[in-house]
Amino acid sequence: MKKKESVYSKTMPRQKALILAAIMFFIGFFTGSAVAIYKTSSLPNVSQKQSNVEDLSIKSESLEKEVKKNPDNASAWIQLGHIYFDTDRYQQAIDAYEKALELNPNNADVLTDLGVMYRRSGQPGEAIKKFDMAVAVNPKHETARFNKGIVLMHDLGDREGAIQAWEVLLEINPVAMASNNQTVDQMVKHYKEGHDR
């Protein structure tokens, strides 16, 4: 006698399969959407970058007019120097910062920024002079001391001078950090142990 198959036994696996397929579809769809949103949000926004460039261009034009009209406005020269700094116009930044320093020679921050611009323009010796001037104005100026070590190490090949500059920085701030989230203490140890050779 042939056993009669239950309708229930044939349809239930099919229903389970359809439900499982629907669940998997929705999981895949939402996961894919989430990944697409994440990737899209992490892409640089071209229109935002263009807007920032346009904003800086408008600001630089305004400041250029201001310094022509009021050449003794040190603040305007500094702001103009910062815009040139941010847009990699090294010589224009140097000129603006030098003008600001003629009006106010004791600005350690401007001296430090000027040193960075000299380094980027391929003048490491001038950069060191400006960092030293910044430290003379403010002996605790951490950025000037850090950047001096960078220029000594990477541009002038003066390992001992760089280590010495960073060790003085560590006396001022024992937890000083580099921009790559490495402590200056770790940098000093790295170079003293010769890992870069």
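Treat the numbers as computed from the prediction; the structure is a model and nothing was measured.

### Considering the confidence of the model for the chain
Residues with a pLDDT of 70 or more make up 73% of the chain, whose mean pLDDT is 84. The low-confidence segment residues 4-9, where pLDDT is below 50, has two contacts with residues more than four positions distant or belonging to other chains.

### With respect to the packing of helix H5 (residues 108-120) against helix H6 (residues 124-137)
At a closest axis distance of 7 Å, the pairing of H5 and H6 adopts a crossing angle of 170 degrees. It follows from the interaxial angle that H5 and H6 lie roughly antiparallel. Mapping the contact onto sequence places Ala 108, Leu 111, Thr 112, Leu 114, Gly 115, Val 116, Tyr 118 and Arg 119 in H5 and Pro 124, Glu 126, Ala 127, Lys 130, Phe 131, Met 133, Ala 134 and Val 137 in H6. Of the residues that constitute the contact of H5 with H6, the class distribution is eleven nonpolar, two polar and three charged.

### Examining the packing of aromatic side chains
In total, this model carries two aromatic pairs according to the counting rule given. With 6.3 Å between their ring centres and 35 degrees between their planes, Phe 146 and Trp 166 make a pair best called tilted. Note that Phe 146 is positioned in helix H7 (residues 142-155) and Trp 166 in helix H8 (residues 159-172), a separation of 20 residues in sequence. Taken as a pair, Phe 146 and Trp 166 share a single burial class, namely buried. Ring pairs connect the aromatic residues Phe 146, Trp 166 and Tyr 191, which therefore count as one cluster.

Thresholds applied
- Residues numbered from 1 in each chain as written.
- Predicted model: local features only at pLDDT ≥ 70, side-chain atom pairs only at ≥ 80, totals over all residues.
- Heavy atoms only, no water.
- pLDDT = per-residue confidence, 0-100.
- Contact = heavy atoms within 4.5 Å.
- Axes fitted to C-alpha atoms, helices over the stretch in contact; angles between N-to-C directions.
- Helix = DSSP H or I, 4+ residues; strand = E, 2+ residues; numbered from the N terminus.
- Parallel < 35°, antiparallel > 145°, perpendicular 65-115°, else oblique.
- Nonpolar A, V, L, I, M, F, W, Y, C, P; charged D, E, K, R; others polar.
- Phe/Tyr/Trp six-rings, centres within 6.5 Å; stacked < 30°, edge-to-face > 60°.
- Buried < 20%, exposed > 50% of the residue type's maximum accessible area, 1.4 Å probe, protein only.

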